[in-house]
Amino acid sequence: MPNTKLKRVDIIFSEDCVYKDVLADNLKKSNEDILKDILDSGLRGRGGAGFPTGLKWKFTSQETEEEKYVVCNADEGEPGTFKDREILTRVPLKVFGGMAICAKVIGAKHGYVYLRGEYQFLKADLEKALEEFHSFVKELGFDFQIHILMGSGAYICGEESALFESMEGKRGEPRNKPPYPTISGFRNKPTVINNVETLVYAFMICRIGAGKFHELGTTDSRGSKVFSISGDTPIAGIYELELGMSLEDFVEEFGDGDTKAVQVGGASGFCVPRKKFKDTIIGFEGVPTGGSMMLFNSSRSMYNVLKNYVEFFEEESCGQCTPCRVGCQQLKKGIEAIKKGEKSAHYLDTLQKLADTMKVSSKCGLGQSVANSFSSIVDNFREEMIY
Amino acid sequence: MANTVKLNIDGIDVSIEAGKTVLDAAKKLNIHIPTLCYHEDLCVAGNCRVCVVEQEGVKNLVASCAMPAQDGMVIHTNTHKVRNARRHVVELLLSEHNADCTKCYKNTRCELQDLAGEMVINEHMFLDLVPDKNYTIDNLSPAIIKDDSKCIRCQRCVRTCDELQHVSALGVAYKGEHMKISTFFENPMYEVVCTNCGQCVIRCPTGALVEKNYLDNVWDAIYDEDKHVIVQTAPATRIALGEDLGMEAGSIVTGKMAAALRRLGFDSVLDTDFTADLTIMEEGTELLTRLKRALVDKDPTVKLPMTTSCSPGWIKFIEHMYPEYLENVSTCKSPQQMFGALAKTYYAEKRGIDPAKIVSVSIMPCTAKKFEANRPEMRDSGYQDVDMGLTTRELAVMIKQAGIDFKELPDEKFDSLMGKSSGAAVIFGATGGVMEAALRTAYEIVTGREVPFKNLNITPVRGMEGVKEAAVKIENVLPAWSFLEGVELKTVVAHGLTNANKVMQAVKNGTADWHFIEIMACPGGCLGGGGQPIPTTPEIRKKRAEAIYREDAGMAIRKSHENPEIKQIYEEFLEEPLSHKSHWLLHTHYQARKRE
């Protein structure tokens, strides 16, 4: 489907790259040079939150602890997101390469890939790639080892501090922040934790240079991003696109001609209705996404969409903090009661206020982001919630 | 001096030590921030979210209990946003909570209820989730009732059981809407590794974990004219009971307690302190006998170090965790059980009462005592030795129910047979007390002289440090004890089962050379027991300890072997420590249990 407005990019999966050369070259560079490249590129975390990657690396490198870690967050659990699976399948060595460069910069000897439990099938291939990687870093005389740890199916373990708890063999529950991982992460040691995609971009920036990356995208959202496109689209799949596009252009290319709404960023993201496509920028200045783009056409009930999301959160909340554990139950039972006519339509306003409270008072990003989909769907499709 | 940080809360500047939290800083300014999951004794969880406050420049609210105070912070504790969020949080907790308050054992003594009252919540903002929850009540244990319908998932109990007690009988299970506090495989409390210490009970903010109360049983017995109801009161009850009856922590209420018990209608008001003294005679002799077998007879089967056995929480702990060391535990029953066995034998005989008609009640700072009283082996008198074990809290309830104005009561004395005691018995209520009492007696038996500490105060074993070591050099002994000449008696004292575990690890690793170990299951010893008034904090425990040592210092008799009733019982009934009769009534055995 040719379209001039969206820019396809080929950085992540590009074959124009021998990872060995890139790794060997960069391990010879000074930490300052590498940090400068990552900072100058404007790369922000690709997991969804968008923290500047260079700063994360820099903070961790400044810690004086002997023991540090680099962790690759491959617990890809956001509904509608499946790009890390593709990256790990096609270019695992670039992921490891990114981890190795990070390890050099921060001074870590061990890295961990925390792999989503459902991605068990990837493990054998990853281990094979890891063997090759380990023998190569040994050749280079670089003291760094990567280990793969499996998740067990809990969505919350994608939250970085819950992920550390899980890695430590404990129940996956988010920690209080501060302290942040750059000071106290895995085993309470300074840790860089990056999304799979972020690590590959970091690796590729070391290859192509900060400038090439920086010239893509917008002021707040530099570079490109891998999107997982699903729902009512004839061409579902994985696409690497320049950041900063308008949702209108996106729908023009990927929609089926009857797109009613796009859920940007998965269940924890925002629902954008048709009338707002034009004014919505995909990026940190507009609506950010960890990669998930779900398209809904007019045959879809947004009540069902929302109910599906809150059911998901009701189940996947770790349960420790009150706003999230009980709030999710109340949101779900609340919209059900309104739909059945057991509660008046005004109760939606009470639930909206509850969602606001969850946003400001939940302990971690899970509870804080439930309101994103809840409020954006209720605001834009109120009548579908009631009738 | 530690670094300090400066912040501003509600328009007031405050400096506080770095590392402290926003909540600490607010406390310093006497600004009250409500909390539920926070507890001074435990690590910060930050999960209830009741203590949220607004920090300028930060989009979301922050949990003041978990947020480190930082330089330049500007905090607001009472804004519209904060109020809304706190109210929502309490409403949410109530929607999941069985709020049938008038039928709850913790009615009027519940932190959630207090908070709901403070917020004036008088209607349901949200849907009632309780009907769909399938909550269960576990009331099979003789000591602790766990009612999930009252639980607010603050995890204070979980942290208590893990951090303070190294038991982890309680943990978090499932996630999301199904998340709950559970035991191993959701087995009943009495089947799992739970030691019945009740530390969770005194930290539970609601009625989810409470002691099993025997109030009606005791009242029924009192009103039954055919029964002779006797009561014994443990050392630590007399320095804490007042807290539940409107008095300051650290008030000594021994005399008022005796008076209240008499007014409640007990036929004889007696004292566990008497059998605490008796414990010293038996346990001290047992220790000296073990030392003799080890040092003179070179008997390889003798087990040293010997540990105390007064604390039923500790007994259950070692039965589960270190069953291979059960022979190191003194065979002495706890003072409660010695009292129970003697009540239906010695006491019955002396008073000419049919033991079948005696109902033996104990007032204990403890929930594990309820379990202990129900152990099948505790029937040496031919009857259940102790019929009902009550907590200090239950006694306070009875006193209120009877309409007694406790504060205005005159001081009265205990009745005479099995009612006299020494200062050595009182200090059983504090960590290190049994050790101190034992040393006061054993040293004197062996050397003929008082322990070489000023005013008999063996300060190295006092205080709230988790593990305390002390050594006493034994010199110029009496001829009968010549084998102890020059021996340095090495002792260690631990309180709280996490500290007990440290001591046992050292024993297991062979890195320790102690002869005698005192262990109390609860932080601070019995004064911080699971049956004591709520709340418990380091400050309150400190005040209770000071009261105990004040009580000891004021006693005419300070050493167990000088208690005239002790001399009397050996002359008239028991003959001598470790006699045949003692073994029958005052000693027991233990059983290995699974660690699950």
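Residues numbered from 1 in each chain as written. Chains lettered and ligands numbered in written order. Predicted model: local features only at pLDDT ≥ 70, side-chain atom pairs only at ≥ 80, totals over all residues. Heavy atoms only, no water.

Participant: What's the story with the interface of chain B and chain A in this structure? I'm lost.
Facilitator: Accessible area lost during the coming together of the parts is what is often quoted as the interface size. Taken together, the contact pairs 39 residues of chain B with 36 residues of chain A. For the pair chain B and chain A, the summed buried surface comes to about 2900 Å²; carbon and sulfur atoms form 56% of the total. The shortest N-O distance in the salt bridge between lysine 175 of chain B and glutamate 315 of chain A comes to 3.9 Å. Linking chain B with chain A are 17 residue pairs in polar contact (both at pLDDT 80 or more), by the criterion used here. Mapped by element, the contributors of at least two residues to the side of chain B that touches chain A are α2 (80–96) and β8 (171–173) of chain B. Among the elements that line the side of chain B that touches chain A, the one with the most residues is α2 of chain B, at 9 residues. Counted by class, the side of chain B that touches chain A contains 21 nonpolar, 9 polar and 9 charged residues. (Contact = heavy atoms within 4.5 Å. Buried area = accessible area lost by both parts, 1.4 Å probe. Salt bridge = Lys/Arg side-chain N within 4 Å of Asp/Glu carboxyl O. Polar contact = N/O pair within 3.5 Å; in protein donor to acceptor, adjacent residues only side chain to side chain. Helix = DSSP H or I, 4+ residues; strand = E, 2+ residues; numbered from the N terminus. Nonpolar A, V, L, I, M, F, W, Y, C, P; charged D, E, K, R; others polar.)

Participant: Before we go on, may I ask you to explain the pairing of strand β17 (residues 488–495) of chain B in this structure?
Facilitator: Put simply, side chains in a regular strand alternate between the two faces of the sheet. Residues and elements named next belong to chain B. When you tally the buried positions in β17, you get 6 out of 8 residues, the bulk of the element. In this structure, β17 lies alongside strand β18 (residues 516–520), joined through 5 bridges in parallel fashion. In the sheet register, valine 492 faces β18, and the bridge partner there is isoleucine 517. (Buried < 20%, exposed > 50% of the residue type's maximum accessible area, 1.4 Å probe, protein only. Pairing = 2+ DSSP bridges.)

Participant: How should I be thinking about the environment of tyrosine 135 of chain B in this particular structure?
Facilitator: Residues and elements named next belong to chain B. Looking at where tyrosine 135 falls in the secondary structure, it is placed in the loop between α3 (111–118) and β6 (137–138). Setting aside its immediate chain neighbours within four residues, tyrosine 135 contacts Glu96, Val130, Asp148, Ser149 and Arg153. From its side chain, tyrosine 135 meets the backbone oxygen of glutamate 96 in a polar contact 2.6 Å long. Polar side-chain contacts of tyrosine 135 include one of 3.3 Å to the side chain of arginine 153.

Participant: What is the right way to look at the domain arrangement of chain B in this model?
Facilitator: Each domain of chain B was delimited in the assignment, giving domain 1 (4–78), domain 2 (91–211) and domain 3 (225–274 + 339–408). A straight line from the C-alpha centre of domain 1 of chain B to that of domain 3 of chain B covers 44 Å. (Domains from an automatic or database assignment.)

Participant: Before we go on, may I ask you to explain helix α7 (residues 160–167) of chain A in this structure?
Facilitator: In an α-helix, one turn spans 3.6 residues; hence positions three or four apart end up facing the same way. Residue and element names in this part refer to chain A. Along α7, 7 of the 8 residues are buried, which leaves the element largely enclosed by surrounding structure. Those residues of α7 that are buried lie in contact with β1 (69–74), β2 (110–115), β3 (145–150) and β4 (191–195). At the C-terminal side of α7, glycine 169 shows a positive phi close to 90 degrees.

Participant: For this particular structure, what's the right way to read the sheet that holds β3 of chain A?
Facilitator: Consider a sheet: its strands pair through backbone hydrogen bonds, and that pairing is either parallel or antiparallel. Residues and elements named next belong to chain A. One open sheet accounts for 4 strands, arranged β3-β2-β1-β4; its pairing is parallel. Each edge of the open sheet carries a strand with a single partner, namely β3 and β4. Averaged over neighbouring strand pairs, the angle between their axes works out to 20 degrees when direction is ignored. Bridge count for β1 against β4 is 5 bridges, and the pairing is parallel. Paired with valine 71 across the strands is isoleucine 193, a residue of β4. Sitting on the sheet, helix α6 (residues 120–140) touches β2 and β3, and the angle it makes with β3 is about 175 degrees. (Axes fitted to C-alpha atoms, helices over the stretch in contact; angles between N-to-C directions.)

Participant: Explain unusual backbone geometry here, please?
Facilitator: Outside of glycine, negative phi angles account for most residues, and trans bonds account for most peptide bonds. The residue after lysine 177 of chain A, namely proline 178 of chain A, is reached through a cis peptide bond having omega -5 degrees. Within the secondary structure, proline 178 of chain A sits in the loop between α7 and β4. Along the chain, leucine 304 of chain B connects to proline 305 of chain B via a cis peptide bond; the corresponding omega equals -5 degrees. Here proline 305 of chain B lies in the loop between α7 (272–295) and β13 (306–307). Here valine 120 of chain B, not a glycine, exhibits a phi torsion of approximately 50 degrees, which is positive. As for its placement among the helices and strands, valine 120 of chain B is situated in the loop between α3 and β6. Residue classification places valine 120 of chain B among the exposed positions, given a relative accessible area of 54%. In this model, leucine 578 of chain B sits at a positive phi of 65 degrees, which is unusual for a non-glycine residue. Positionally, leucine 578 of chain B belongs in the loop between α16 (564–574) and α17 (580–586). Judged by its relative accessible area of 22%, leucine 578 of chain B is partly exposed.

Participant: What is the right way to look at helix α6 (residues 254–264) of chain B in this model?
Facilitator: Residues and elements named next belong to chain B. Of all the 11 residues making up α6, 9 are buried; the element is thus mostly covered by neighbouring parts of the structure. Within α6, the full set of buried residues consists of Thr254, Gly255, Lys256, Met257, Ala258, Ala259, Ala260, Leu261 and Leu264. Its buried side turned inward, α6 meets α5 (215–223), β11 (228–233), β12 (268–271), β14 (358–364), α11 (392–401) and α15 (538–553). Positive phi shows up at glycine 265, right after α6, with a value of about 110 degrees.

Participant: Would you explain the domain arrangement of chain A in this entry?
Facilitator: All names here are of chain A. Each domain of chain A was delimited in the assignment, giving domain 1 (19–214) and domain 2 (302–386). Distance from the C-alpha centre of domain 1 to the C-alpha centre of domain 2: 33 Å. Across the contact, 13 residues belong to domain 1 and 8 residues belong to domain 2. Surface buried jointly by domain 1 and domain 2 totals about 880 Å² across both partners, of which 64% is contributed by carbon and sulfur atoms. In terms of surface lost to domain 2, no three residues of domain 1 exceed Tyr155, Ile156 and Pro174, which account for 51% of the buried area on that side. Linking domain 1 to domain 2 there are 0 salt bridges. Inspection of the region where domain 1 meets domain 2 yields 3 residue pairs in polar contact (both at pLDDT 80 or more).

Participant: What am I meant to see in a negative patch on the surface here?
Facilitator: Residues and elements named next belong to chain B. On the surface, a cluster of negative charge is contributed by Asp216, Asp220, Asp224 and Glu225. Within the secondary structure, aspartate 220 sits in helix α5. Looking at aspartate 220, the relative accessible area reads 53%, which means it is exposed. (Patch = residues over 30% accessible without salt bridge, like charges linked within 9 Å, V, L, I, M, F, W, Y side chains within 5 Å. Areas by Shrake-Rupley, 256 points an atom, 1.4 Å probe, with all protein chains shown as cover. Lys, Arg positive; Asp, Glu negative; His and termini not counted. Charge placed at Lys NZ, Arg CZ, Asp CG, Glu CD.)

Participant: Help me understand the sheet that holds strand β4 (residues 62–63) of chain B in this model?
Facilitator: All names here are of chain B. Taken together, the 5 strands give an open sheet; going across it, the order is β2-β1-β5-β3-β4, and neighbouring strands pair in mixed fashion. Of all strands in the sheet, those with a lone pairing partner are β2 (12–17) and β4, marking the two edges. Pairing between strand β3 (residues 52–55) and β4: 2 bridges, direction antiparallel. The partner of valine 53 across the bridge, within β4, is valine 62. Packing of α2 onto the sheet brings it into contact with β3 and β5 (74–76), and relative to β3 it is tilted by some 155 degrees.

Participant: So what exactly am I meant to see when it comes to the state of the cysteines here?
Facilitator: By definition, a disulfide is the covalent link that joins the sulfur atoms of two cysteine residues. All names here are of chain A. Per the counting criterion, the structure on display carries 0 disulfides over all chains. Counting only cysteine sulfurs, cysteine 318 is the nearest neighbor of cysteine 157, a cysteine outside any disulfide, at a range of 9.1 Å. Free cysteine cysteine 328: the closest other cysteine sulfur is in cysteine 324, separated by 4.3 Å. According to the relative accessible area criterion, cysteine 328 is buried, its value standing at 1%. (Disulfide = S-S within 2.5 Å.)

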